[in-house]
Amino acid sequence: MSLITDIAHNAAQAAKTLALLSSTQKDAVLRGMAGALRANMDAIIGANQQDLAAARDNQLPAAMVDRLTLTPERIEDMAQGIETIIELPDPVGTVRDLGSRPNGIEIRKMRVPLGVVCMIYEARPNVTADAGALCFKSGNGVILRGGKEALQSSLAIASVLHTVLEAHDLPKALISVIPDPDRSLMMELMQQKDYIDLIIPRGGEGLIQFVTQNSTVPVIQHFKGVCHLYVDKDADLDKALQLLLNGKTQRTGVCNALEGLIVHQDIAEQFLPQAAEALQQRGVKINADRASAGYFDNATVLADDEFGEEYLSLEIAIKQVADFRAAVAHIDCFGSHHTEVICTQDRQTADLFQRSVDASVVMVNASSRFSDGGQLGLGAEIGIATTKLHAYGPMGLESLTTEKYLVNGDGQIRS
């Protein structure tokens, strides 16, 4: 077998060992992983420094460097994410009763693992720990193919997790890292339909399109995060300003950062000067429609078809609308089904927004930055699905399982 086929085969075989573990046993392993990340923080950061040096030499974009960077705080977040997963109920083996048929057969459905999940990602070394822990608790093996930008960091994190698996007499192949980022190996990986059950790409739009177009294994797509804040005519403007600043400037290089601001024309004259002052203080570049551009210094005027960019930087697009329907229409046209936010004090408008906007996460009076598995109580997340099969939104433990039917009878036959 080739290197890739060997890794995929071993992952599939290793995943079968998880069926023999109780939830208590899985949680004990995860607890060891969280502790090992903390204990090996210096080694992980040392490996990450190698990746960062290469990133600087290759002049990678600032957003990618930010995602690549590991600090003690971010490693602690990884460890805490695993500890949150420990506290979550194990979905594997849970059963729901569907009742009985007139002939007496009883029907139930049981949650079961998917099998082997493959993650293909770029400069996101935290995915190694997040995906490893989520897949482990949900009973799946995982194959991790990170980009060359994060290779040393990913290998270091995986090595730490492997020591814990070995200490519990479990195969290292449960969490496998492809050691060579060569694209030809990625192509081979995407053809391993006999061993891999699902591929989840995380990265730029180009990577996701490439995987979707070339994989023979089912793909869950995580397209770009063009997230909007709509400031309604009945908004609390102080809240709106805080949501805008947090969503746009707290961390720019992530998919749940705001890329668009939509403002109802009835409050534009009051709100946009406040927004202009606050955004200017934080160095945010403004792109706006003609109706809004005059409130900002040096704004770039956008044509109607020039919205919808994922900036991943201190840059935002601003649109003024006549009413609620126009705001929703703008989101329908330029959103990416990731996260949309409304700021309003009108409960009826808020409810209508949540029902009518097509996004995996729809928020009322809360920052788009909460669109994250950890923030939504899932522990870590393995990705944010922006298409609706087989999951939609941040993917936690339950999204990494499916259901099978359990049918019990007493000798019934079909006539």
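- As annotated in an unreviewed UniProt entry, the protein chain carries the name Gamma-glutamyl phosphate reductase and is attributed to Pseudoalteromonas rubra.
- You can read under Catalytic activity (unreviewed entry) in the UniProt record for the protein chain the words "L-glutamate 5-semialdehyde + phosphate + NADP(+) = L-glutamyl 5-phosphate + NADPH + H(+)".
- Here is the UniProt Pathway (unreviewed entry) comment for the protein chain, exactly as written: "Amino-acid biosynthesis; L-proline biosynthesis; L-glutamate 5-semialdehyde from L-glutamate: step 2/2."

**Digging into the overall build of the protein chain**
Argument step 1. The secondary structure content of the protein chain amounts to 14 helices and 16 strands.
Argument step 2. Here the C-alpha radius of gyration of the protein chain, 23 Å, is about what a compact globule of 415 residues would show, namely 22 Å.
Argument step 3. The dimensions of the protein chain, computed from C-alpha atoms along their principal axes, are 70 × 65 × 35 Å.
Argument step 4. Put simply, 72% of the contacts in the protein chain that link residues at least 6 apart link residues at least 24 apart.
Argument step 5. Between the mean site of the 36 positive side-chain charges and the mean site of the 52 negative ones, the protein chain shows a separation of 5 Å.

**With respect to the side chain of threonine 401**
Argument step 1. Mapped onto the elements of the fold, threonine 401 is located in strand β16 (residues 401-408).
Argument step 2. Threonine 401 sits in the buried class, given a relative accessible area of 0%.
Argument step 3. Looking at threonine 401, its side chain comes within polar contact range of the side chain of arginine 111, at 2.9 Å.

**Observations regarding the packing of helix α2 (residues 23-39) against helix α7 (residues 151-167)**
Argument step 1. At a minimum axis distance of 9 Å, the contact between α2 and α7 shows a crossing angle of 140°. Taken as axis vectors, α2 and α7 run oblique relative to one another. The crossing of α2 and α7 is right-handed. Across the interface between the two elements, Val29, Gly32, Met33, Ala36 and Leu37 of α2 pack against Ile157, Val160, Leu161, Val164 and Leu165 of α7.
Argument step 2. Its residues assigned to classes, the contact of α2 with α7 shows 9 nonpolar, 1 polar and no charged.

**Focus on the layout of surface pockets**
Argument step 1. Estimated volume of the largest pocket: approximately 930 Å³.
Argument step 2. Lining the largest pocket are 32 residues, and of these Asp77, Asn126, Asp130, Arg251 and Asp372 lie nearest its centre.
Argument step 3. Contributing elements (two or more residues each) for the lining of the largest pocket: α5 (72-87) and α6 (126-137).
Argument step 4. Top contributing element to the lining of the largest pocket by residue count: α5, with 6 residues.
Argument step 5. Per-domain counts for the lining of the largest pocket show at least three residues from each of domain 1 (3-221 + 391-408) and domain 2 (227-376).

**Concerning empty space enclosed by the protein**
Argument step 1. Taken as a whole and judged by the stated rule, the model has 1 cavity of 30 Å³ or more.
Argument step 2. Estimated volume of the largest cavity: approximately 60 Å³.
Argument step 3. Lining the largest cavity are 14 residues, with His228, Glu259, Gly260, Gly308 and Ala317 positioned closest to its centre.
Argument step 4. Of all the secondary structure elements, the ones that give two or more residues to the lining of the largest cavity are β8 (258-264) and β11 (315-321).
Argument step 5. Broken down by element, the lining of the largest cavity gets its largest block of residues, 4 residues, from β8.

**Topic: helix α1 (residues 3-15)**
Argument step 1. Relative to the 18 Å expected for 13 residues at 1.5 Å per residue, α1 spans 18 Å between its end C-alpha atoms, a close match to the ideal helical length.
Argument step 2. Every buried residue of α1 is accounted for by Ile4, Thr5, Ile7, Ala8, Ala11, Ala12, Ala14 and Ala15.

**Here we look at the UniProt feature "domain: Aldehyde dehydrogenase" (unreviewed entry) in the protein chain**
Argument step 1. Sequence positions flagged by UniProt for "domain: Aldehyde dehydrogenase" (unreviewed entry) are, in local numbering, residues 7-285.
Argument step 2. Along residues 7-285 one finds 51% helix and 17% strand; the C-alpha atoms at either end are 46 Å apart.

**Concerning the environment of isoleucine 45**
Argument step 1. Mapped onto the fold, isoleucine 45 is located in helix α3 (residues 41-57).
Argument step 2. Along the chain, isoleucine 45 and glutamate 310 lie 265 residues apart, while their C-alpha atoms are 29 Å from each other.
Argument step 3. Those residues in contact with isoleucine 45, other than ones at most four positions away along the chain, are Leu70, Thr71, Pro72 and Ile75.

**As for the packing of α3 against α7**
Argument step 1. Two elements in contact, α3 and α7, have axes whose closest approach is 7 Å; the angle formed by their N-to-C orientations is 160°. Taken together, α3 and α7 sit at an angle that is classed as roughly antiparallel. Note that α3 runs across α7; the crossing there is right-handed. From α3, Ile44, Ala47, Asn48, Gln50 and Asp51 reach across to α7, where they touch Leu151, Gln152, Ser153, Ala156, Ile157 and Val160.
Argument step 2. Split by residue class, the contact of α3 with α7 holds 6 nonpolar, 4 polar and 1 charged.

Calculation criteria
Residues numbered from 1 in each chain as written. Predicted model: local features only at pLDDT ≥ 70, side-chain atom pairs only at ≥ 80, totals over all residues. Heavy atoms only, no water. UniProt positions renumbered as here; feature names shortened; annotations may be inferred. Helix = DSSP H or I, 4+ residues; strand = E, 2+ residues; numbered from the N terminus. Rg over C-alpha atoms; globule rule 2.2 N^0.38 Å. Contact = heavy atoms within 4.5 Å. Lys, Arg positive; Asp, Glu negative; His and termini not counted. Charge placed at Lys NZ, Arg CZ, Asp CG, Glu CD. Buried < 20%, exposed > 50% of the residue type's maximum accessible area, 1.4 Å probe, protein only. Polar contact = N/O pair within 3.5 Å; in protein donor to acceptor, adjacent residues only side chain to side chain. Axes fitted to C-alpha atoms, helices over the stretch in contact; angles between N-to-C directions. Parallel < 35°, antiparallel > 145°, perpendicular 65-115°, else oblique. Left-handed = near helix turned anticlockwise from the far one by under 90°. Nonpolar A, V, L, I, M, F, W, Y, C, P; charged D, E, K, R; others polar. 1 Å grid on protein atoms, 1.4 Å probe; cavity = no way out; pocket = protein on both sides within 12 Å on 5 of 7 lines; lining within 4 Å. Points joined across faces, edges and corners; volume = space filled by probe spheres on them. Domains from an automatic or database assignment. Expected span 1.5 Å × (residues − 1).

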